[in-house]
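Close look at the chain arrangement
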Amino acid sequence: MAEALVVGALVSGFANVVLDRLISPEEEGAMLPCDILSKNKYLRVLSLDIPNVFPDSIGKLIQLRYLDLSWSDIEVLPQSLCNFCNLQTLKLVGCSKLTMLPNGMYNLVNLRHLDIRGTHLKEMPKGMGKLKQLHILSYYIVGKSEDNGIQELGGLLNLRASLQIWKLENVVDANQARNARIIDKKHIEYLILKWSSGDDMVSNTHTDGQDILHALQPHHVLKKC
């Protein structure tokens, strides 16, 4: 039994190191070995520089803990990504062509780090409030629907460091803003609140901006707002 555990650990470590150093698809003739990836049940860490099509077969890597697709030309993430129920870190830094996250993101219940800096998301997927283990979220875009509105932030009490909230013009009233529970996020040190400008600005005569701002009052430990 001991020998089996040692061998398993070695295989896991070897797979992580080798697959983390795959040849970039930008190099002539390079190909992503999807069959190898999908069959490697030991894989925990994966960092890839991929073209604009994400191999759907990688969704079989349900033991994956860390996935880094930063600075790739990926345009669409497959729904199979939401099978990574053990995933703790998802890095999408600089994926400027990415405009949407999969609708099933709420299934990633162990996700702690979602780095979406440099992406051009149009809105957040539904049910983000179910990611209760989330510590790092680069920004949150307030949607117009109930399942991706500002109230979804209410379930994310473990957020820390900095948080940006965009498109606050979509907040209907102060009660909705209060449900975001910003004041209960005791680990947030920097808070940035953004309304759209220009043609994207939505004016709502039924809401009082001051009341909404008051409802978004942060915890006293905040260092900068």
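Each remark here, short or long, concerns the structure printed above.
Residues numbered from 1 in each chain as written. Predicted model: local features only at pLDDT ≥ 70, side-chain atom pairs only at ≥ 80, totals over all residues. Heavy atoms only, no water.

1. A few points about the pattern of salt bridges
Side chains that differ in charge, positive against negative, can pair when their charged atoms come close. To keep things clear, this is the line we draw: What counts as a salt bridge is simple: a side-chain nitrogen of Lys or Arg found within 4 Å of a carboxyl oxygen of Asp or Glu. Burial classes: relative accessible area under 20% of the type maximum marks a residue as buried, over 50% as exposed, and values in between as partly exposed (1.4 Å probe, protein chains only).
Within the structure shown, the criterion is met by two salt bridges. The partner of Asp115 in a salt bridge is Arg117, and the shortest N-O contact between them spans 2.7 Å. The exposure class assigned to Asp115 is buried, which follows from its relative accessible area of 5%. Across the salt bridge formed by Asp184 and Arg181, the nearest N and O atoms sit 3.0 Å from each other. A residue is classified by how much of its surface remains accessible, and Arg181, at 35% relative accessible area, is partly exposed.

2. Brief notes about the packing of aromatic side chains
The condition is simple: Only rings of Phe, Tyr and Trp enter the pairing, Trp through its six-membered ring, and a pair is recorded when the two centres are within 6.5 Å. The plane angle decides the type: under 30 degrees is stacked, over 60 is edge-to-face, the rest tilted. By the criteria applied, helices consist of DSSP H or I runs no shorter than four residues and strands consist of E runs no shorter than two, each listed in order from the N terminus. Lysine NZ or arginine CZ positioned within 6 Å of the ring centre and within 35 degrees of the ring normal marks a charge as sitting over the ring.
The tally for this structure, following the rule as stated, stands at one aromatic pair. Pairing Tyr139 with Trp166 gives two aromatic rings, centres 4.0 Å apart and planes at 5 degrees, and the pair type is stacked. A residue pair is termed long-range when its members are at least 10 positions apart, and Tyr139 in strand E6 (residues 139-141) and Trp166 in strand E7 (residues 160-166) qualify at 27 residues. Note on Tyr139: relative accessible area 3%, which makes it buried. For Trp166, a relative accessible area of 25% translates into the label partly exposed. Seen from the ring of Tyr106, Lys130 lies directly overhead, with NZ or CZ sitting 4.8 Å from the centre.

3. Re the layout of surface pockets
What counts here: The rule is simple: put a 1 Å grid over the protein atoms alone, call a set of points where a 1.4 Å probe fits but cannot get out a cavity, call an open set with protein on both sides within 12 Å along at least five of seven lines a pocket, and count a residue as lining if it has an atom within 4 Å of a point. Grid points are joined across faces, edges and corners, and a volume is the space filled by probe spheres set on the points. Nonpolar residues are Ala, Val, Leu, Ile, Met, Phe, Trp, Tyr, Cys and Pro. Charged residues are Asp, Glu, Lys and Arg, and all others, Gly as well, are polar.
The calculated volume of the largest pocket comes to roughly 180 Å³. Thr119, His120, Leu121, Lys122, Ile141, Trp166, Lys167, Lys194, Trp195 and Ser196 are the residues that line the largest pocket. Residue composition of the lining of the largest pocket, by class: four nonpolar, three polar and three charged. Space inside the second largest pocket adds up to approximately 150 Å³. Taken together, Asp115, Arg117, Ile136, Leu137, Ser138, Tyr139, Arg160, Ala161, Ser162, Leu163, Gln164 and Trp166 form the lining of the second largest pocket. Listed by contribution, the elements that provide at least two residues to the lining of the second largest pocket are strand E5 (136-137) and E7. Among the elements that make up the lining of the second largest pocket, the one with the highest residue count is E7 (six residues). Across the lining of the second largest pocket, the residue classes tally to six nonpolar, three polar and three charged.

4. Details of the sheet that holds strand E1 (residues 45-47)
For the record, the criterion: Strand pairing requires that DSSP identify at least two bridges connecting the strands.
Here we have five strands laid out as an open sheet, ordered E1-E2-E3-E4-E5, and parallel in their pairing. Each end of this open sheet is capped by a strand with a single partner; those strands are E1 and E5. In this structure, strand E2 (residues 66-68) lies alongside strand E3 (residues 89-91), joined through three bridges in parallel fashion. Opposite Tyr66, over in E3, you have Thr89 as the bridge partner.

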